[in-house]
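Structural description and commentary
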Amino acid sequence: MVYGYMGKVLRVNLTEEKISIEPLPSEDILRKWLGGRGIGTYYIIKEVPPNVDPLSPENKLIIATGPVTGIAGIPTAGRWSIVTKSPITNTIYEGNAGGKFGAELKFSGFDFIIIEGKANRPVYLWIYNGKAEIRDAKNLWGKTVYQTVDLIREELSSIVGKDDSKNIKVISIGPAGEKLVKIAAVMEDKGKGAVGRGGIAAVFGSKNLKAIAVRGNFKPQIANQEKFREVILKSSQFVRNSPITSEILPKYGTAGFLAKALAEKGMIPVKNYQTNVFSDFNKLSGETIVKEYLDQEKTRESICWGCPIGCKKYTKVDKPLFSTEGDGPEYMGVWGFGYNLNNDNLPSVLRAYHLCNELGLDIIGTGHVIGTFIELVEKEKIPKEKLEGLKVNWGDPELIIELIYRIANRIGIGNDLSEGTKEFAKKYNSEEYAMINKRGMPLFGFDPRGAQGYGLWYATSNTGDYDQLGLFKEVTEPTYLGNNNINRFETKGKGELIKKEQDLAAAIDSMIVCRFSRYALNEEIYAEQLSSVTGWDINPQELLKIGERIWNAERVYNILVFGDNLEYDNLPKRFLEEPFKEGPSAGYVVKISEMLPEYYKVRGWINGRPTREKLEELDLKWLADILEEKHLLP
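Attention in this report is confined to the structure presented alongside it. (Residues numbered from 1 in each chain as written. Predicted model: local features only at pLDDT ≥ 70, side-chain atom pairs only at ≥ 80, totals over all residues. Heavy atoms only, no water.)

1. Section: the packing of helix α7 (residues 225–241) against helix α8 (residues 243–264)
What counts here: Axis lines are fitted through C-alpha atoms, for helices just across the contact stretch, and the angle between N-to-C directions can take any value from 0 to 180 degrees. Under the DSSP-based scheme used, a helix requires at least four consecutive residues in state H or I and a strand at least two consecutive residues in state E, with every element numbered from the N terminus. Working definition: roughly parallel below 35 degrees, roughly antiparallel above 145 degrees, roughly perpendicular at 65 to 115 degrees, and oblique for all remaining angles. Note on contacts: a residue pair is in contact if any heavy atoms of the two residues lie within 4.5 Å. Note that Gly is not counted as nonpolar here; it falls among the polar residues with everything else outside the nonpolar set of Ala, Val, Leu, Ile, Met, Phe, Trp, Tyr, Cys and Pro and the charged set of Asp, Glu, Lys and Arg.
It is the contact of α7 with α8, at a shortest axis distance of 4 Å, that shows an interaxial angle of 55°. As far as their axial angle goes, α8 and α7 are oblique. Residues F238, V239, R240 and N241 of α7 lie in contact with α8, whose contacting residues are P243, T245 and S246. A class-by-class count of the residues in the contact of α7 with α8 yields three nonpolar, three polar and one charged.

Here it is in structure tokens:
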């Protein structure tokens, strides 16, 4: 028995409709890869060849918890992860979410699920107290996410009982995922969590997999109760002592926390990153959302399992045209449908956010591609007949809602937009207006011209994705914790800074806990948490080494996909050559070429590729051998 784990892997072959239960990998492998992002990366590299089409039956979905998932007392330990090959980037991709599905999957008796093949009909997976079955989903196909959750709970109430059916946790895809929309999201419950980036819902749809439902009564075991109690008390104190995790996030959520820091530093991009000027940033602020539209009682129900921070909000709007209610919004929804589109109509922003949750769309990818579309229309790059009579202007709330419906259902111009920013811009010979990193992933609503380290993180990200941690030392820590030791415009030292934060992010994505806990905790606390639960004696250096191993393994997989191509560690020229004209970040561009040499050096890479020496240091000799065989080892 390995403490912290349930000891079982569920393998589901949809083609053969066969379910098998496997033991966990060896304890040595678990210690090196943990769970979540790490173990998912391990399985994908072992089982999915780099040349596989992401939407083919040969691609696989690894759904994973981590060793601290479902351990009461560990702050933010309710998360779950999906790893697959992304149809957006064609690279390995990991996304994780909160809510309550992760803990419930653990309680159902399984640590990881490996889904392979393709069903010959719509199906969903039902997991209950150590057993699983593939069930028919014909009646669910075509339904929204909200309808799907209700129908599944109603159907399974005959098994668990009507009173307990509300405790069944469901992840599902909406019409967008069924139609293989590449910016479709896998949603938990009715928007309580989402793995939105990377087009993972399209992978579900390509396999005719509508949903996964879980319920269980098992509990993971802890190795060292005395040490566990000590580290939990320490962790709780750290969370209480940080104004970010004890005050700002609980009060105003991410829409308040991130927007304030970014607005102060001139880093909220507007009109598809053309400017940072907006009529009034406070019109969409977290404070305004809480004051005017918060449903306090339902907000309490929205908090993720085991989370003492409680950044989730539930909002309700009773206005003509935009009447809506639901979980959210997060900052990225406010940015995507508000600031990004120069739209200061807050009710329409909330409606757009909830509509994406209902239809199963990624809020970031959707807001992003709409922004690209409006700029291309503005620059007359799209023939008028393609607009089908649409009046396209910045800041038009009704246009935004109409386009969301069209994208989810692949109607008209929505069919083009549904392919995501990269492919949409490419179709209209306008790649220079696609604000994506070179793997094809749309940027977040944080403009890298205001923080050199963030620009480096995004340019070098293995998954093409990015979270807020790259901003921590340069932007959010100075704003909320008063640490001004790091100059956000300086390039020197950013390679070492970002390398460490990337490694730590990969490690905590594998434990698996929320990255927001990083605003209170550090690698020492995380290592103590992991050690007390598993019984392993893991120090901070080993924890960072685990993260470094995962980061290097992801990089190797992507090299096998793309070959020797340094262009992938870069950003669009808008960020490299076109500075903002106003605000605190005016006059700056991202200086990737100044930071990459240092970054490669501290990573032990040559021209973006890990050396044999580095890979063997990380116990990845087998990957070094593969690179050498393909003549891709530097």
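Still more ground to cover, so stick around.
2. Things to note about unusual backbone geometry
The phi angle of most residues is negative, glycine excepted, and most peptide bonds adopt the trans form. Keep this limit in mind: Exposure categories follow from relative accessible area, calculated using a 1.4 Å probe and restricted to protein chains: below 20% of the type maximum is buried, above 50% is exposed, and the middle band is partly exposed.
Looking along the chain, the bond that leaves G328 and enters P329 is cis, with omega of 15°. Along the chain, P329 turns up in the loop between β14 (324–327) and α11 (331–337). Cis peptide bonds are those with omega within 30 degrees of zero, and the linkage from M511 to I512 qualifies with 15°. Structurally, the position occupied by I512 is in the loop between α19 (494–511) and α20 (523–534). The phi dihedral of T76 falls on the positive side, at around 65°, and the residue is not glycine. Here T76 lies in the loop between β3 (61–64) and β4 (80–85). With relative accessibility at 4%, the residue T76 sits in the buried group.

3. What about the sheet that holds strand β1 (residues 8–13)?
Going by this rule: A pair of strands is treated as paired once DSSP finds two or more bridges between them.
Reading across from one edge, β2-β1-β6-β3-β4-β5 is the order of the six strands in this open sheet, with mixed pairing throughout. Lying at the two open borders of the sheet, with one neighbouring strand each, are β2 (18–23) and β5 (92–97). Looking at each pair of strands side by side, their axes are set apart by 15° on average, direction ignored. Pairing of β4 with β5, which is carried by six bridges, proceeds in the antiparallel orientation. Among the inter-strand pairings, V83 is bridged to a residue of β5, identified as E94.

4. Describing the sheet that holds strand β11 (residues 193–195)
Within a sheet, each strand pairs with its neighbour through backbone hydrogen bonds, oriented either parallel or antiparallel. Here we have six strands laid out as an open sheet, ordered β8-β7-β12-β9-β10-β11, and mixed in their pairing. A single partner strand is all that each edge strand has here, and the edge strands are β8 (131–136) and β11. Geometrically, the sheet is characterised by an average inter-axis angle of 15° between neighbouring strands, direction not taken into account. This element, helix α4 (residues 145–160), spans β7 (123–128), β8, β9 (169–172), β10 (186–188) and β12 (209–215) of the sheet and lies at about 45° to β7.

5. Some words on the side chain of E188
What counts is decided by this rule: For the charge count, each Lys or Arg is scored as positive and each Asp or Glu as negative, with His and the chain ends excluded. Within this document, salt bridges are pairs made up of a side-chain nitrogen of Lys or Arg and a carboxyl oxygen of Asp or Glu, the two lying within 4 Å of each other. We define a polar contact as two N or O atoms separated by no more than 3.5 Å, with the added condition that, inside protein, one atom must be a possible hydrogen donor and the other a possible acceptor, whereas residues neighbouring each other in sequence contribute only through side-chain atom pairs.
Topologically, E188 is positioned in strand β10. Look at E188: it is buried, it has no salt bridge, and the nearest opposite charge is K169 at 6.6 Å. Within the structure, the side chain of E188 is placed 2.9 Å from the side chain of W80, a separation counted as a polar contact. Once residues within four sequence positions are removed from consideration, E188 is found in contact with W80, G98, G99, K100, F101, V170, I171 and G193.

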